[in-house]
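# Structural overview for review
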Amino acid sequence: MMMIKFMLFTYLVISPISICANKDLMVNECHNAQVPIICMQCLESDPTSVSANPVGIASIIINCLDSRLQNITNIITDLLSSKEDKGEVKTALEACKKELLTEATTKLSEAKTGLNTNDYDKANLSIKLALGFPLSCRAYLKNFKFASLELFSQIDIYDQLSNAAMRIIDRF
């Protein structure tokens, strides 16, 4: 009985210390990624982040990139359904959606594979290539004087998270 009490006491004392240490790792990684607020919001959205190592943290950020990419695609879908004209903007939105759904998604999947196989250069390159699609989409739409605060702000967040992931992976 005394042994059980000792083990329970040890668990209760050490467990919060471990969580604080991992929270410190999260804060440190996000600080080094130079976008601490967005990075921490991403990590705190995943309950496994408190027990993640740096590779796990990068993986969680890539999952956030996946979610953000889905948000961007959904916004484009909404914009397409609200556009009644068949003009250049609609054509540009359709092209953006297609590239985001196929190319960018594939590159993020390759980034996850690179992390899982310890091929960090491949992971970084894949994130960088995936980032090019929403950035080129934004530039393409701006050429037509198209503006969507919601879409462009989501692309900005995607950009910041991509750079955070690449900076974290660079430190491996």
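Residues numbered from 1 in each chain as written. Predicted model: local features only at pLDDT ≥ 70, side-chain atom pairs only at ≥ 80, totals over all residues. Heavy atoms only, no water.

So the rule is basically this: UniProt positions are given in the numbering used here, feature names are shortened, and annotations may be inferred rather than shown by experiment.
The name recorded for the protein in an unreviewed UniProt entry is Pectinesterase inhibitor, from Cardamine amara subsp. amara. As recorded by UniProt, the Sequence similarities (unreviewed entry) comment attached to the protein reads in full: "Belongs to the PMEI family."

### Notes on the packing of helix α3 (residues 54–82) against helix α4 (residues 88–116)
Selection rule: Note on definitions: angles span 0 to 180 degrees between N-to-C directions of axes, and those axes are lines fitted to C-alpha atoms, for helices only across the stretch in contact. The helix count covers DSSP runs of H or I at least four residues long, the strand count covers runs of E at least two residues long, and both are numbered beginning at the N terminus. Working definition: roughly parallel below 35 degrees, roughly antiparallel above 145 degrees, roughly perpendicular at 65 to 115 degrees, and oblique for all remaining angles. Rotating anticlockwise by less than a right angle from the far helix to the near helix defines a left-handed crossing, while the corresponding clockwise rotation defines a right-handed one.
Close contact between α3 and α4 brings their axes to 10 Å; oriented N to C, the two are set at 165°. As far as their axial angle goes, α4 and α3 are roughly antiparallel. Seen from above, α3 lies across α4 with left-handed handedness.

### Focus on the pattern of salt bridges
How we decide: For this document, the term salt bridge refers to a Lys or Arg side-chain nitrogen within 4 Å of an Asp or Glu carboxyl oxygen. Burial classes follow relative accessibility: with a 1.4 Å probe on protein chains only, a residue under 20% of its type's maximum area counts as buried, one over 50% as exposed, and anything between as partly exposed.
By the definition in use, this model includes 4 salt bridges. As a salt-bridge pair, K112 and D66 come within 2.4 Å of each other at their nearest N and O atoms. Residue K112 is found in helix α4, and its partner D66 is found in helix α3; the two are separated by 46 residues along the sequence. A relative accessible area of 27% places K112 in the partly exposed class. Take D66: its relative accessible area is 23%, and that puts it in the partly exposed class. For the salt bridge of E110 with K107, the shortest nitrogen-to-oxygen distance reads 3.2 Å. Remark: K107 and E110 occur in helix α4; sequence separation between them is 3 residues, near one turn of the helix. The partly exposed category is assigned to E110, whose relative accessible area is 26%.

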